[in-house]
Amino acid sequence: MPQKETTVLVGERVKLPTKYGDFELVPFQEKKNGLEHMALVKGNFTENDTVITRIHSACATGDLFGSLKCDCGDQLIKAIQTIEENGKGAIIYLQQEGRGIGLMNKMKAYKLQENGMDTIEANLHLGFAPDERKYQIAAIILNLLHIKNIKLLTNNPDKIDGLTEHGIQVVERIPLIIKPNPFNINYLQTKKKQMGHLYEINKLAAQ
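Reading the values: rules and limits
- Residues numbered from 1 in each chain as written.
- Predicted model: local features only at pLDDT ≥ 70, side-chain atom pairs only at ≥ 80, totals over all residues.
- Heavy atoms only, no water.
- Pairing = 2+ DSSP bridges.
- Helix = DSSP H or I, 4+ residues; strand = E, 2+ residues; numbered from the N terminus.
- Right-handed = clockwise from strand over helix to strand, strands pointing away.
- Phe/Tyr/Trp six-rings, centres within 6.5 Å; stacked < 30°, edge-to-face > 60°.
- Lys NZ or Arg CZ within 6 Å of the ring centre and 35° of its normal.
- Core = buried A, V, L, I, M, F, W, Y, C linked by side-chain atoms within 4.5 Å.
- Buried < 20%, exposed > 50% of the residue type's maximum accessible area, 1.4 Å probe, protein only.
- Contact = heavy atoms within 4.5 Å.
- Domains from an automatic or database assignment.
- Salt bridge = Lys/Arg side-chain N within 4 Å of Asp/Glu carboxyl O.
- Polar contact = N/O pair within 3.5 Å; in protein donor to acceptor, adjacent residues only side chain to side chain.

Asker: I would appreciate a short explanation of the pairing of strand β8 (residues 169–174) in the present structure.
Answerer: Regular strands show a simple pattern: their side chains alternate between the two faces of the sheet. Relative to β8, strand β7 (residues 149–153) runs parallel, the two sharing five bridges. Bridge pairing in β8 links L152 to R173. Regarding topology, helix α8 (residues 157–165) serves as the crossover connection from β7 to the parallel β8, and that connection is right-handed.

As structure tokens, this is what we get:
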């Protein structure tokens, strides 16, 4: 998709040693709205390779502060560890806070959840779809990284559909399972029952 790729600026690729292993970081910026995304990359690969990949939407509360209200931060760490163990792979980190509604609205949704709504009811009450995210930008970034075929670390079938729609071949889905806690069990159950996320809550709780 060369025409669409020109809508994204590619920044400097730099080495990024982390406590999980050594990676490279590549920043991207959408020209139309200024949103900045990142790719955390390990290893070398060609367009013929099938690359373990995580498409991760930013979650300030989970990724930065270790919130127990979701499984986002733990999923990110597990994805990084999985790629390190494999020796190659990529994490596409998208600025799609709160399933695409932004941080301010995410906090409004959290307040509604404190008053008894589930995550979907809160989004609908605020005038949003249950999930506002789009995956075209992820496909563009993957193409810019010369990644065409992936093993996708996800529990969300919408990501598979969204990437496939934009020309990325999802060869395999790799589950990214995190044990629930008392603060996120209802959230995970809602995602499974109403959004079709692919995990078995009872088995998770028993681990």
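Once you've had a look at it, read on.
Asker: Would you explain the packing of aromatic side chains in this entry?
Answerer: Describing an aromatic ring pair means giving the distance of the ring centres and the angle of the ring planes. Enumeration over the complete set of coordinates arrives at zero aromatic pairs. Geometry around F23 places K42 over its ring, the cationic atom sitting 5.1 Å from the centre. Note that K69 overlies the ring of Y110, its terminal NZ or CZ placed 4.0 Å from the centroid.

Asker: So what exactly am I meant to see when it comes to the nonpolar core here?
Answerer: Soluble globular proteins tend to pack their nonpolar side chains together in the buried interior. By size, the foremost hydrophobic cluster in this structure holds 25 residues, and its most contacted members are I55, I92, L145, I147 and L163. For this core, the secondary structure elements donating two or more residues are β3 (21–30), β4 (36–42), β5 (50–57), β6 (89–94), α7 (136–144) and β7. It is α7 that provides the largest number of residues to this core, a total of six residues. Residue contacts for L163: discarding those within four places in its chain leaves I55, Y135, A138, A139, L142, I150, L152, I168 and V170. Ranked by size, the runner-up nonpolar core spans 13 residues in total, among them A58, I83, I91 and I174.

Asker: So what exactly am I meant to see when it comes to the domain arrangement of the protein chain here?
Answerer: Interface size is commonly expressed as the accessible area that is lost once the parts come together. Under the domain assignment used here, the protein chain contains domain 1 (5–96 + 133–204) and domain 2 (100–128). Distance between the C-alpha centres of domain 1 and domain 2: 23 Å. Between domain 1 and domain 2, the contact holds ten residues from the first and eight residues from the second. The interface formed by domain 1 and domain 2 includes zero salt bridges. Here domain 1 and domain 2 share two residue pairs in polar contact (both at pLDDT 80 or more) between them. When residues of the side of domain 1 that touches domain 2 are traced back to their parent elements, those giving at least two are α2 (60–64) and α9 (185–195).

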